[in-house]
Amino acid sequence: MASVHESLYFNPMMTNGVVHANVFGIKDWVTPYKIAVLVLLNEMGRTGEGAVSLMERRRLNQLLLPLLQGPDITLSKLYKLIEESCPQLANSVQIRIKLMAEGELKDMEQFFDDLSDSFSGTEPEVHKTSVVGLFLRHMILAYSKLSFSQVFKLYTALQQYFQNGEKKSVEDADMELTSREEGERKMEKEELDVSIREEEVSCSGPLSQKQAEFFLSQQASLLKNDETKALTPASLQKELNNLLKFNPDFAEAHYLSYLNNLRVQDVFSSTHSLLHYFDRLILTGAESKSNGEEGYGRSLRYAALNLAALHCRFGHYQQAELALQEAIRIAQESNDHVCLQHCLSWLYVLGQKRSDSYVLLEHSVKKAVHFGLPYLASLGIQSLVQQRAFAGKTANKLMDALKDSDLLHWKHSLSELIDISIAQKTAIWRLYGRSTMALQQAQMLLSMNSLEAVNAGVQQNNTESFAVALCHLAELHAEQGCFAAASEVLKHLKERFPPNSQHAQLWMLCDQKIQFDRAMNDGKYHLADSLVTGITALNSIEGVYRKAIVLQAQNQMSEAHKLLQKLLIHCQKIRNTEMVISVLLSVAELYWRSSSPTIALPVLLQALALSKEYRLQYLASETVLNLAFAQLWRQPLRISMKPRTILQRSTAKSKSEMLFTSRPDSTTPWGRPRRGTDAQCSSGSCIRNCPLMGCP
């Protein structure tokens with residue numbers, strides 16, 4: 001049997017089983033679920049103010065808007081929601097629906113006739129222009145337009161809706177009687193099954209226009225701010241496919257499908273949905289109605305611009321450049337300065353590896369300010385600060401520039417850019433080696449509340465900025481040896497950003513790097529080698545560097561040297577200065593571990609010069625330590641002793657004698673004496689790495 005929605009409401013708009021594009025011409029229609037909501041509203045009006053407390057009425061009012069705008073749900077779920085707000089009213093609604101469903105068709109007719117009385121009188125229960133009043137008027141109008149056969153089908157559907165709800169209530173009661181512990185587990189499983197069935201019920205027929213718009217806007221907002229609360233990619237795509245089945249030309253549904261496919265990195269489906277969105281936007285004439293003939297060209301140029309952004313996201317830079325050129329050409333023909341400004345920003349993204357890209361970026365910021373585009377202007381300043389940080393500019397100038405962008409954020413309430421700015425400051429302080437300042441900025445971001453999603457009950461957005469700050473926090477703890485604290489931060493990251501979310505790659509890479517460092521510190525080189533594959537999949541440069549470190553620790557010096565040299569050339573080509581210095585330090589360590597400290601000195605001096613030039617304090621300190629150790633390794637300490645002193649030392653029975661006595665096992669695996677031990681030759685001179693303990 002066909003669903004109630006298809007057989008009852010869409011026959012006038014179907015030809016040979018095909019739904020026409022104007023399926024949303026009807027704003028709303030009557031369903032069994034909406035009859036239950038009408039019963040709730042009627043009971044709320046009939047109940048006096050003394051029967052329901054102020055807190056219960058407030059909870060009911062907060063419940064009404066999701067019930068009016070959301071999709072249809074099962075009767076048992078509706079009872080549960082009402083009971084959580086007001087148990088007394090839930091019992092009245094249940095009795096009223098039962099009498100109507102078990103009675104006759106005239107009971108439903110009488111109910112709709114009585115609804116009109118809500119607007120009568122000098123002080124009506126409901127105002128006609130209120131949200132509830134508009135809903136009541138839409139339902140009364142939709143019901144009055146139904147034929148007798150359609151009214152009968154609606155009443156049959158109401159009876160079936162009531163029977164399904166009663167069956168579910170009986171099953172829940174039976175489970176509670178059997179065993180409480182087993183009952184709780186079964187209820188959890190049953191709730192999961194019910195949620196799936198509810199989705200199937202809600203989308204077995206088409207949503208009304210308001211329900212569809214509410215569903216799409218809610219899911220789009222969750223995808224942007226808190227992906228964990230949105231539907232899973234498979235469930236959301238199923239909902240969208242069912243929605244598009246009844247209205248293939250619903251452009252907004254295609255765009256949400258595009259966003260959903262981006263979550264799972266599906267380049268084919270995301271491109272397909274994006275093109276369909278702009279095609280439907282042109283076919284429906286939404287742009288042309290608002291902008292005249294200009295609307296057609298506007299859709300085309302923004303379609304090309306979005307396609308360029310999509311290709312750039314997936315690393316298809318040649319295709320992105322071609323699409324961007326097409327967008328620029330159409331925008332120039334239409335004299336659209338706003339679109340041209342967006343194209344200019346994406347031109348910088350595509351060409352940011354060039355040495356003169358900062359000129360393009362500065363021009364983009366000036367133009368954005370001129371045309372009154374604070375979002376683009378702020379993003380340009382953020383990119384300019386990032387570029388100057390990699391170029392080695394002083395921190396005070398960068399912070400002054402970020403302060404100017406923060407003024408734009410607070411002035412225009414750009415909360416997303418406020419989070420990005422604080423995450424940017426955290427990254428800059430970490431780049432410069434100031435861990436205390438980086439920790440302060442990360443904590444500041446994590447303690448902030450969102451400005452956008454407070455209305456949805458979410459105090460913090462699970463955006464990329466928060467993921468970046470938490471990753472920095474975990475790495476800062478790991479650098480100090482607090483691996484337990486770092487594990488707690490990563491555990492929180494995994495809960496906040498599940499593996500299937502679009503920002504999960506950030507904590508995955510952070511987790512792999514921390515595990516690698518811990519394994520290397522513990523000498524578990526086989527475990528570290530197994531982690532290299534995961535790191536390479538997330539970041540190829542970082543993976544090659546870690547592979548070279550493992551080879552070096554396993555005394556495979558020639559293979560490690562070849563790998564480091566290739567990586568050094570590649571990093572110098574792409575101007576990755578931080579990785580260049582790290583590679584130089586590893587090459588120098590490889591030299592002095594191969595008993596060639598003299599060759600390591602020029603390499604270390606080069607690394608020190610780069611660290612000073614680009615103001616990388618942490619790497620500069622590490623380079624100085626390596627330089628001091630190479631000097632100590634290169635020049636053996638010669639301490640002359642008098643014969644009497646040597647004789648006195650030979651007769652002494654002290655700890656210092658045992659400390660300086662040569663032992664075969666007093667060297668490290670690569671042949672260097674361990675710290676606190678030394679070998680003494682027959683002439684009385686100390687060899688390299690003498691700690692000078694007990695020497696005159």
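Here the structure is a predicted model, which is why all the values come from computation and not from measurement. (Residues numbered from 1 in each chain as written. Predicted model: local features only at pLDDT ≥ 70, side-chain atom pairs only at ≥ 80, totals over all residues. Heavy atoms only, no water.)

**A closer look at the overall build of the protein**
So, step 1. When you go through the protein residue by residue, the secondary structure sums to 33 helices and 2 strands.
So, step 2. In the protein, buried positions account for 45% of the 696 residues.
So, step 3. Across the protein, the fraction of contacts at a sequence separation of at least 24, relative to all contacts at a separation of at least 6, is 61%. (Helix = DSSP H or I, 4+ residues; strand = E, 2+ residues; numbered from the N terminus. Buried < 20%, exposed > 50% of the residue type's maximum accessible area, 1.4 Å probe, protein only. Contact = heavy atoms within 4.5 Å.)

**Structural notes on the packing of helix H17 (residues 337–350) against helix H19 (residues 374–390)**
So, step 1. Running from amino to carboxyl end, H17 crosses H19 at an angle of 15 degrees, the nearest separation of the two axes being 11 Å. Comparing their axes, H19 and H17 come out roughly parallel. Between H17 and H19 lies a crossing whose hand is left-handed. Packed against H17, whose contacting residues are Gln-341, His-342, Ser-345 and Tyr-348, the element H19 presents Leu-376, Ser-383 and Gln-387 at the interface.
So, step 2. Split by residue class, the contact of H17 with H19 holds 2 nonpolar, 5 polar and no charged. (Axes fitted to C-alpha atoms, helices over the stretch in contact; angles between N-to-C directions. Parallel < 35°, antiparallel > 145°, perpendicular 65-115°, else oblique. Left-handed = near helix turned anticlockwise from the far one by under 90°. Nonpolar A, V, L, I, M, F, W, Y, C, P; charged D, E, K, R; others polar.)

**Notes on the packing of aromatic side chains**
So, step 1. Counted by the stated rule, this structure contains 6 aromatic pairs.
So, step 2. Ring geometry for Tyr-277 versus Phe-278: centroids 4.9 Å apart, planes at 70 degrees, classification edge-to-face. Comparing Tyr-277 with Phe-278 shows no difference in burial state: the two are buried.
So, step 3. For the ring pair Trp-592 and Phe-629, a centre distance of 4.8 Å and an interplane angle of 65 degrees mean the geometry is edge-to-face. Of this pair, Trp-592 sits in helix H29 (residues 577–593) while Phe-629 is found in helix H31 (residues 617–634), placing the two residues 37 residues apart along the sequence.
So, step 4. With relative accessibility at 21%, the residue Phe-629 sits in the partly exposed group.
So, step 5. Feature note: the residues Tyr-255, Tyr-258, Tyr-277 and Phe-278 constitute an aromatic cluster, connected by ring pairs. (Phe/Tyr/Trp six-rings, centres within 6.5 Å; stacked < 30°, edge-to-face > 60°.)

**Details of the nonpolar core**
So, step 1. Formed by 48 residues in total, the largest nonpolar core has its most connected members in Met-108 and Phe-112.
So, step 2. Those elements giving two or more residues to this core turn out to be helix H2 (32–46), helix H3 (54–69), helix H4 (75–85), helix H5 (87–102), helix H6 (105–115), helix H7 (131–144) and helix H8 (148–178).
So, step 3. The biggest single contributor to this core is H2, with 9 residues.
So, step 4. Beyond its immediate stretch of four places on either side in the chain, Phe-112 contacts Val-30, Ile-35, Leu-38, Met-139 and Tyr-143.
So, step 5. Counting 47 residues, the second-largest nonpolar core is a separate cluster that includes Ala-548, Leu-551, Tyr-591 and Leu-627. (Core = buried A, V, L, I, M, F, W, Y, C linked by side-chain atoms within 4.5 Å.)

**Regarding the pattern of salt bridges**
Side chains that differ in charge, positive against negative, can pair when their charged atoms come close.
So, step 1. The final tally for this structure, using the stated rule, is 19 salt bridges.
So, step 2. Its salt-bridge partner being Lys-224, residue Glu-416 comes within 3.8 Å of it at the nearest N-O pair. Separated by 192 residues along the polypeptide, Glu-416 in helix H21 (residues 415–431) and Lys-224 in helix H10 (residues 209–225) bring together distant segments of the chain.
So, step 3. Given a relative accessible area of 30%, Glu-416 falls into the partly exposed group.
So, step 4. With relative accessibility at 44%, the residue Lys-224 sits in the partly exposed group.
So, step 5. We note a salt bridge from Glu-475 to Arg-430, for which the minimum N-O separation is 2.3 Å. Here Glu-475 is found in helix H23 (residues 464–479), whereas its partner Arg-430 is found in helix H21, with 45 residues between them in sequence.
So, step 6. It is possible to trace a salt-bridge network through shared partners that takes in Arg-430, Glu-475, Glu-479 and Lys-513. (Salt bridge = Lys/Arg side-chain N within 4 Å of Asp/Glu carboxyl O.)

**Let's talk about the environment of Tyr-33**
So, step 1. On the secondary structure map, Tyr-33 appears in helix H2.
So, step 2. For Tyr-33, a relative accessible area of 3% corresponds to the buried category.
So, step 3. Between the C-alpha atom of Tyr-33 and that of Ile-73, which follows or precedes it by 40 residues, the distance is 6.8 Å.
So, step 4. Not counting the four nearest positions on each side in its chain, Tyr-33 is found in contact with Leu-67, Pro-71, Asp-72, Ile-73, Leu-78 and Tyr-161.

**Considering the packing of H2 against H3**
So, step 1. Packing of H2 against H3 brings their axes to within 12 Å, and their N-to-C directions diverge by 155 degrees. The angle between H2 and H3 places the two elements in the roughly antiparallel class. For the element pair H2 and H3, the recorded crossing hand is left-handed. Each of Tyr-33, Val-37, Leu-40, Leu-41 and Met-44 in H2 lies in contact with H3, whose residues at this interface are Arg-57, Leu-60, Asn-61, Leu-64, Leu-67 and Leu-68.
So, step 2. Residues belonging to the contact of H2 with H3 are distributed by class as follows: 9 nonpolar, 1 polar and 1 charged.

**Remarks on the side chain of His-472**
So, step 1. Note on placement: His-472 falls in helix H23.
So, step 2. Since its relative accessible area comes to 14%, His-472 is described here as buried.
So, step 3. Beyond its immediate sequence surroundings of up to four residues, His-472 is in contact with Thr-426, Ala-427 and Arg-430.

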